[in-house]
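# Notes for the structure review
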Amino acid sequence: MASSLTKDSVRPGTPGSEKTFFGHPRGLATLFMTEMWERFSYYGMKALLPLYLVAPGGLHMSAATATAIYSVYLSLVYLLALPGGWFADRVLGPRKTVAVAGVIIMLGHLTLALPSSGTFFAGLGLVAIGSGLLKSNISTMVGHLYKGADDARRDGGFTLFYIGINLGAFAAPLVIGTVGENVNWHLGFALAALGMALGLAQYLLGSRHLDAQSSVVPTPLSPAEKSATLRKSALWAAVAAVFYTVVVVSGHYTLNWLLVPITIAGLIIPVMVIARIKRDKDLDRTEQSKMSAYIWFFVAAAVFWMIYDQGGSTVSLFADSSAKNTIFGWDFPVSWYQSVNPVMIMALAPVFAWAWLALARRGKEPSTAVKFAMGLVLIGASFFLFLAPLAIADGGHKAAAMWLVAIYFVQTVGELTLSPVGLSVTTKMAPAKYASQMMGVWFLAVTAGDATTGLLSIAGVDLNKTGIVAFQAVLAVAAGVAVWMYRKKVKELMGDVH
């Protein structure tokens with residue numbers, strides 16, 4: 001990356017003399033590398049997780065239990081993004097919060113690297129907490145590098161940052177997945193810890209290049225609020241500790257005592273947050289109308305992510321048991337499938353950006369509601385496509401790898417029609433009172449979708465069965481058709497947002 005840093009040939013101290021990163025503020029290089037290494041560690045661990053859970057040399061669980069754990073874990077990561085933003089706003093500020101998050105993630109991966117099933121869930125919990133703290137704040141610091149929304153470099157800066165995310169996500173399964181599957185599972189988790197350590201080291205060294213605003217605590221807790229928060233936190237922690245101690249000592253503890261409460265919270269909390277905002281009497285009529293429209297997008301996104309995130313569990317576990325993971329006679333680790341999406345994102349994202357602009361110039365760009373409908377139909381189509389390899393496996397044969405690559409391709413196209421648009425419409429439709437919280441609300445759609453998958457798995461539903469896959473495909477397409485049918489009503493509710 002050093003070669004990408006340039007220095008204008010003018011006297012120090014003159015405007016424009018500072019080092020830049022592809023023409024952007026030097027601090028973007030620090031955040032780019034931090035996010036790249038964090039995603040490297042996160043996606044590497046994510047690629048290994050379901051495979052480790054079912055492997056005879058791992059925890060040797062059933063596919064349903066592995067899917068439940070994986071889904072609940074993802075749900076928790078996105079659920080914790082909301083308190084992660086609150087913690088930075090009220091306690092430490094974004095810069096220190098991200099440093100703390102990096103340490104917690106690294107410790108979590110190191111705990112996963114220990115060859116003991118007893119420490120496994122503690123490691124997962126630490127990674128989820130750290131990811132929640134980091135996810136909600138690092139993007140905020142990217143925004144701080146630019147002086148206002150009118151800075152012409154702002155969109156380009158976020159695009160570079162997005163490339164960093166996908167570079168880390170692409171490389172992780174190839175490195176961590178290969179070592180974890182072919183050498184040693186725990187060594188793979190240790191590599192994830194090393195990746196986060198590298199990201200944390202360069203973040204601490206390069207943090208001097210970040211904007212001073214990143215160190216500011218926007219609305220610090222008063223001494224009274226801090227005392228009350230600590231008391232409430234201690235009380236709830238004590239209640240949880242006593243409850244689980246009683247359950248364990250009485251001999252009633254099973255894994256579901258851990259999974260079910262998190263899953264239920266992942267379904268209830270998003271509904272409560274949306275309802276609280278919707279009932280807020282401080283919102284004027286226009287803001288209330290926009291929130292009514294946003295509920296359509298939120299539910300649509302929850303259905304989308306419910307299916308999309310099964311690419312790392314349901315589809316991956318199918319590949320492990322029922323696919324020929326070979327191309328031109330060359331075998332590859334199952335975890336490598338998780339590199340398909342990020343490489344396709346990097347290839348197709350510029351194409352989509354160009355296409356939307358070209359259509360906009362002609363006045364033919366689809367509305368937000370239509371793009372969401374397209375995303376839902378495509379994610380449904382990916383599971384209709386999944387029916388083919390399932391049928392091949394039911395016939396006693398191994399499905400070709402390209403069937404699975406095709407599924408990931410269709411899901412990626414669906415992601416590009418829905419995810420960036422969802423991020424954009426969330427910022428545009430946020431009521432002024434909740435402007436800083438709405439990105440966390442958007443992440444709750446992921447929480448709700450993954451929690452639904454987790455609940456199905458906990459209930460014993462085999463998500464690799466043809467009937468269940470077909471039902472989910474029909475549900476997504478039906479939701480897409482519903483959004484398309486009511487697109488004019490949704491557009492009317494959106495008011496001046498386009």
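Residues numbered from 1 in each chain as written. Predicted model: local features only at pLDDT ≥ 70, side-chain atom pairs only at ≥ 80, totals over all residues. Heavy atoms only, no water.

With 21 residues, helix H15 (residues 438-458) should cover 30 Å at 1.5 Å per step; its first-to-last C-alpha distance of 30 Å lies within 8% of that length. The buried count for H15 comes to 17 of 21 residues, which makes it a mostly enclosed element. (Helix = DSSP H or I, 4+ residues; strand = E, 2+ residues; numbered from the N terminus. Expected span 1.5 Å × (residues − 1). Buried < 20%, exposed > 50% of the residue type's maximum accessible area, 1.4 Å probe, protein only.)

Right, let's get into the pattern of salt bridges. Tallied over the full model, the rule gives three salt bridges. Ionic pairing is found between Arg39 and Glu38, a salt bridge with its closest N-O pair at 2.6 Å. According to the relative accessible area criterion, Arg39 is buried, its value standing at 4%. Residue Glu38 is classed as buried on the basis of its relative accessible area, which comes to 0%. When the shortest N-O distance is used, the salt bridge between Glu365 and Lys371 registers 2.6 Å. Residue Glu365 is classed as partly exposed on the basis of its relative accessible area of 35%. With relative accessibility at 7%, the residue Lys371 sits in the buried group. (Salt bridge = Lys/Arg side-chain N within 4 Å of Asp/Glu carboxyl O.)

Let us now look at the packing of helix H11 (residues 314-322) against helix H13 (residues 368-394). The geometry of H11 relative to H13 is characterised by a closest axis approach of 11 Å and an angle of 20° between their N-to-C directions. When the interaxial angle is binned, H11 and H13 end up roughly parallel. The handedness of the crossing between H11 and H13 is left-handed. Of H13, the residues touching H11 (which contributes Thr314, Val315, Phe318 and Ser322) are Phe383, Phe386, Pro389, Leu390 and Ala393. Across the contact of H11 with H13, the residue classes tally to seven nonpolar, two polar and no charged. (Axes fitted to C-alpha atoms, helices over the stretch in contact; angles between N-to-C directions. Parallel < 35°, antiparallel > 145°, perpendicular 65-115°, else oblique. Left-handed = near helix turned anticlockwise from the far one by under 90°. Contact = heavy atoms within 4.5 Å. Nonpolar A, V, L, I, M, F, W, Y, C, P; charged D, E, K, R; others polar.)

This next bit is on the confidence of the model for the protein chain. Looking at the protein chain, pLDDT values average 88 and 94% of them are 70 or higher. When the elements of the protein chain are averaged for pLDDT, strand E1 (residues 5-6) gives the smallest value, 39, and helix H16 (residues 466-485) the largest, 96. The low-confidence segment residues 1-17, where pLDDT is below 50, has 20 contacts with residues more than four positions distant or belonging to other chains. (pLDDT = per-residue confidence, 0-100.)

Of note, Leu230 is situated in helix H8 (residues 223-249). Residue classification places Leu230 among the exposed residues on the basis of a relative accessible area of 58%. Along the sequence, Leu230 and Gly143 sit 87 residues apart, while their C-alpha atoms lie 31 Å from each other.

Let us look at the environment of Leu378. Within the element layout of this structure, Leu378 appears in helix H13. With a relative accessible area of 23%, Leu378 lands in the partly exposed category. Along the sequence, Leu378 and Lys281 sit 97 residues apart, while their C-alpha atoms lie 38 Å from each other. Apart from residues no more than four positions distant in its own chain, Leu378 is found in contact with Val410, Val413, Gly414 and Thr417.

Ranked by size, the top nonpolar core spans 97 residues in total, and within it Tyr73, Tyr294, Tyr337, Phe372 and Leu404 carry the most contacts. In this structure, Tyr294 is in contact with Ile274, Thr426, Met429, Met438, Val441 and Trp442, ignoring residues within four places of it in sequence. Core analysis: the second largest hydrophobic core is formed by 25 residues, Met33, Met36, Ala101 and Tyr203 among them. (Core = buried A, V, L, I, M, F, W, Y, C linked by side-chain atoms within 4.5 Å.)

On to unusual backbone geometry, then. In most cases, non-glycine residues show a negative phi, while peptide bonds are predominantly trans. The phi dihedral of His60 is positive, around 50°, even though this residue is not glycine. Residue position: His60 is located in the loop between helix H1 (27-54) and helix H2 (63-79).

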